[in-house]
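# Close look at the chain arrangement
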Amino acid sequence: MRGKNVWTKRFYFSYKELDTLAEFLEDKAANGWEMTSLLGNTFGFRKTEPRQAKFSVEIVEADIDETQKQQFIEYCEADGWKHIFDAGKLQFFENENPDADPIHTDEEVKLDLVYRHCRGLSIGLNLSMVAIALLISGFLIWNLDYRDMYTSGIVVNIFVLITLAMMALYQCIEFCLWYRRSKQAVTMGKAPRYKQTKVARFLDIAIYIWATAAIWLDDVVDAFYSQSTVLIALVFFFIIGTAGFIFLYNLYQAKFNKDGKTHTGLFLLLGVAFVALMVWASYTFFMPASLSEDEGDVFLTVQELGETSTGTSEHWVVHEGSPLDRHESGSDRWGSKKVYYELYTARFDRFYDAIVEEGYLARDKVYEEVADKAFGADKVFLLGKAESLTMWLLLYDEKILYLETRGFDLTEKQKEMIGEKVKVEER
Amino acid sequence: MAREKFKTLTEQMYYVLMALQEERCGVDVMAVVKEMTDQRIKLGPGTLYALLGDFQREGLIKETEAVGSKRSYQLTDEGKERLKQEHERHMLLIRDYQQYFKGGQR
């Protein structure tokens, strides 16, 4: 965004493109813009007189203390380089003499420094992508067996995985090729290339937008319905919050900041608060409501079973990431009579493992399979019967019904009715 | 093939070690190298800073004084030995050159 006296502009760069960044600043200085701030990839400029100057952007070691940094700056200033901005690992210098000698005169030393920083970042980035890929593939594999899981589609998931793999591969190949070429150049006494072509930059940006869009389309949207992916949703809101903050920051700098001061510290503080607020608000107002929904009618009521009138009814559909978590459950009670059920859409083998984990069943216990044809189920297990409580597990083709009745025993007619309801139920 | 660290020294490494025969701070080292080489060797501040760190880690120089951000360094015995070895290597190069071209054109 551009105002009369201030200008904020995004400029994408990596540590191995510092010459391009320096040229960008030289170009801005020649057009009368002086750098005043850097937040992420957004540079702030203030209007000054146009001037020809040489710029240099230097990496400093991540672990150096303030004294060591000052020492480095003193060396540079003693050589005619004016320190203009401190951005942590990146230090910005300006020299009035456009023909001044560079800050680094030994290309091997500089390459070594840049390589070490880029390698660290590259490893970190790729590990993050692998972690995300594993997370997504974990959900994918988990859900392959189920037709009605929260995921919006296997194809989209595979698309996301391929995207992440391509990003990691692209990063690795591009970085290795750059380092190989640079090393060769140094060996031959030439300067390595610390610039990036427009095509490479376009690819870089495009691939990130692609990946972000793919992830957003799939898992982040579904995260609203999935407690197990709340983290992804929070990250999504974090990104939205950050983007919103950067937009507001740019707007302020371009339109309302009259004195030209950047107030970076204050804005960073406001930014953190804004993003935290976004995450909190999204979690508070969106998440709990979508984790489980009241979906109106009760599937199986005491009244339907012919047991007097309905007392209180509750019916919930719970959306999560496992067969146990994607189910509907309901209860209806009248006086001492109660029906409670959980209806799952899942294949039994995975369901069985899951409910054993949840403690509903003991793996080493043999449950009584009863030959009760009335339910119309493939298999009927009587899980327990104690006093007035009876617990059933009914296995149908791709539906599983856990059923409890309290205070009354099911009649044959009631069992038939339950079986019919399960078969027609396509929730 | 990659050069083993400090097995052979670049011109800039060589002159930095030479300048640190005496206790000096980084700014002085830059000035002395310029003077010694009549500005033939360009020693950028970034390169000097990185070299001083590397030399110190390798035990070729030691920090002798630190006043605020100003730090002074001096060659260690190991550094002196390394500089001497490099000098001898250069002398060998010169001797070989002279012997090879002695008495005629090649």
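Residues numbered from 1 in each chain as written. Chains lettered and ligands numbered in written order. Predicted model: local features only at pLDDT ≥ 70, side-chain atom pairs only at ≥ 80, totals over all residues. Heavy atoms only, no water.

## Quick word on the interface of chain A and chain B
Between chain A and chain B, the contact holds 19 residues from the first and 22 residues from the second. Of the roughly 2,000 Å² buried where chain A meets chain B, counting both sides, 56% is carbon and sulfur surface. Three residues, A:Gln71, A:Tyr75 and A:Thr105, lead the burial of chain A against chain B; their summed loss comes to 31% of the area buried on that side. Put simply, chain A and chain B have one salt bridge between them. (Contact = heavy atoms within 4.5 Å. Buried area = accessible area lost by both parts, 1.4 Å probe. Salt bridge = Lys/Arg side-chain N within 4 Å of Asp/Glu carboxyl O.)

## Considering helix 1 (residues 11-19) of chain B
Residue and element names in this part refer to chain B. Most of helix 1 is tucked away, with seven of its nine residues classed as buried. Residues of helix 1 that are buried include every one of Gln-12, Met-13, Tyr-14, Tyr-15, Val-16, Leu-17 and Ala-19, and no others. Buried residues along helix 1 sit against strand 1 (24-25), helix 2 (26-36), helix 3 (45-58), strand 2 (61-67), strand 3 (70-75) and helix 4 (77-101). (Buried < 20%, exposed > 50% of the residue type's maximum accessible area, 1.4 Å probe, protein only. Helix = DSSP H or I, 4+ residues; strand = E, 2+ residues; numbered from the N terminus.)

## Examining the packing of helix 2 of chain B against helix 3 of chain B
Residue and element names in this part refer to chain B. Two elements in contact, helix 2 and helix 3, have axes separated by 11 Å at closest approach and are oriented at 120 degrees. In terms of orientation, helix 2 and helix 3 fall into the oblique class. Crossing geometry of helix 2 relative to helix 3 is assigned as right-handed. Note on element contacts: helix 3 touches helix 2 through Pro-45, Leu-48 and Leu-52, opposite Gly-26, Val-29 and Met-30. (Axes fitted to C-alpha atoms, helices over the stretch in contact; angles between N-to-C directions. Parallel < 35°, antiparallel > 145°, perpendicular 65-115°, else oblique. Left-handed = near helix turned anticlockwise from the far one by under 90°.)

## Some points on the pairing of strand 4 (residues 54-59) of chain A
It is a general feature of regular strands that their side chains alternate between the two faces of the sheet. Residue and element names in this part refer to chain A. The buried fraction of strand 4 is high, at five of six residues. Pairing between strand 4 and strand 6 (residues 90-95): six bridges, direction antiparallel. Residue pairing in the sheet places Ile-59 in a bridge with Leu-90 of strand 6. (Pairing = 2+ DSSP bridges.)

## Considering helix 3 of chain B
Residues and elements named next belong to chain B. When the terminal C-alpha atoms of helix 3 are compared, their 20 Å separation across 14 residues agrees well with the 20 Å that a helix rising 1.5 Å per residue should span. For helix 3, the set of buried residues is Pro-45, Gly-46, Thr-47, Leu-48, Tyr-49, Ala-50, Leu-51, Leu-52, Asp-54 and Phe-55. Of the residues trailing helix 3, Gly-59 is marked for its positive phi of about 80 degrees. (Expected span 1.5 Å × (residues − 1).)

## As for the packing of aromatic side chains
All names here are of chain A. For the coordinates displayed, the defined rule picks out 19 aromatic pairs over all chains. With 6.1 Å between their ring centres and 70 degrees between their planes, Phe-85 and Phe-92 make a pair best called edge-to-face. On the numbers, 6.5 Å between centres and 70 degrees between planes, the contact of Tyr-340 with Tyr-402 is edge-to-face. On the criterion of sequence distance, the pair formed by Tyr-340 in strand 10 (residues 337-345) and Tyr-402 in strand 14 (residues 399-406) is long-range, its members being 62 residues apart. One aromatic cluster is present, formed by Trp-7, Phe-24, Trp-33, Phe-43, Phe-45, Phe-85 and Phe-92 through successive ring pairs. (Phe/Tyr/Trp six-rings, centres within 6.5 Å; stacked < 30°, edge-to-face > 60°.)

## Focus on a nonpolar patch on the surface
All names here are of chain A. The grouping of Leu-169, Ile-173 and Leu-177 at the surface amounts to a nonpolar patch, some 280 Å² of accessible area in total. Of note, Ile-173 is situated in helix 4 (residues 154-187). Its relative accessible area of 45% is what places Ile-173 among the partly exposed residues. (Patch = residues over 30% accessible without salt bridge, like charges linked within 9 Å, V, L, I, M, F, W, Y side chains within 5 Å. Areas by Shrake-Rupley, 256 points an atom, 1.4 Å probe, with all protein chains shown as cover.)

## Describing unusual backbone geometry
What is expected of a backbone is that most residues other than glycine have negative phi and most peptide bonds are trans. Residue and element names in this part refer to chain B. Positioned with a positive phi, Asp-38 is a non-glycine residue whose angle comes to about 55 degrees. Structurally, the position occupied by Asp-38 is in the loop between helix 2 and helix 3. In this structure Asp-38 comes out as exposed when scored by relative accessible area, which is 67%. Unlike most non-glycine residues, Gln-39 shows phi in positive territory, near 65 degrees. Tracing the chain through its elements places Gln-39 in the loop between helix 2 and helix 3. On the accessibility criterion, Gln-39 (54% relative accessible area) is exposed.

## Points about the confidence of the model for chain B
Predicted confidence across chain B gives a mean pLDDT of 87, with 91% of residues reaching 70 or more. Within chain B, the lowest mean pLDDT, 87, falls on strand 2 of chain B, and the highest, 93, falls on helix 1 of chain B. (pLDDT = per-residue confidence, 0-100.)

## Concerning the pattern of salt bridges
Residues and elements named next belong to chain A. Scanning all chains against the criterion turns up 17 salt bridges over all chains. For Arg-51, the salt bridge is made with Glu-94, and the minimal N-O distance between the two is 2.8 Å. Of this pair, Arg-51 sits in the loop between strand 3 (42-47) and strand 4 while Glu-94 sits in strand 6; the two residues are 43 residues apart in sequence, bridging distant segments of the chain. One salt bridge connects Asp-112 with Arg-116, and the closest N-O pair in it is separated by 3.3 Å.

## Examining the environment of B:Val27
Residue placement: B:Val27 occurs in helix 2. Residues B:Val27 and B:Leu48, 21 residues apart in the sequence, show an inter-C-alpha distance of 9.2 Å. What B:Val27 contacts, discounting residues up to four positions off in sequence, is A:Glu74, A:Tyr75 and A:Ala78.

## Quick word on the sheet that holds strand 2 of chain B
Residue and element names in this part refer to chain B. Ordered in space as 1-3-2, the three strands form an open sheet in which the pairing is antiparallel. Of all the strands in the sheet, the pair left with one neighbour each is strand 1 and strand 2. The pairing of strand 2 with strand 3 spans six bridges and is antiparallel. In the strand pairing of strand 3, Lys-62 is matched with Gln-74.

## A closer look at the sheet that holds strand 4 of chain A
Across a sheet, paired strands are connected by hydrogen bonds in the backbone, their directions being either parallel or antiparallel. Residues and elements named next belong to chain A. The three strands are arranged 4-6-5 in an open sheet whose pairing can be described as antiparallel. Across the chains shown, the open sheet's two edge strands, defined by having one partner strand only, are strand 4 and strand 5 (82-87). Neighbour to neighbour, the strand axes of the sheet diverge by 20 degrees on average, direction disregarded. Along the sheet, helix 1 (residues 18-30) contacts strand 4 and strand 6; its crossing angle with strand 4, the most-contacted strand, is approximately 145 degrees. Here helix 2 (residues 66-78) sits on the sheet and contacts strand 4, strand 5 and strand 6; the angle it forms with strand 6, its principal contact strand, is near 20 degrees.

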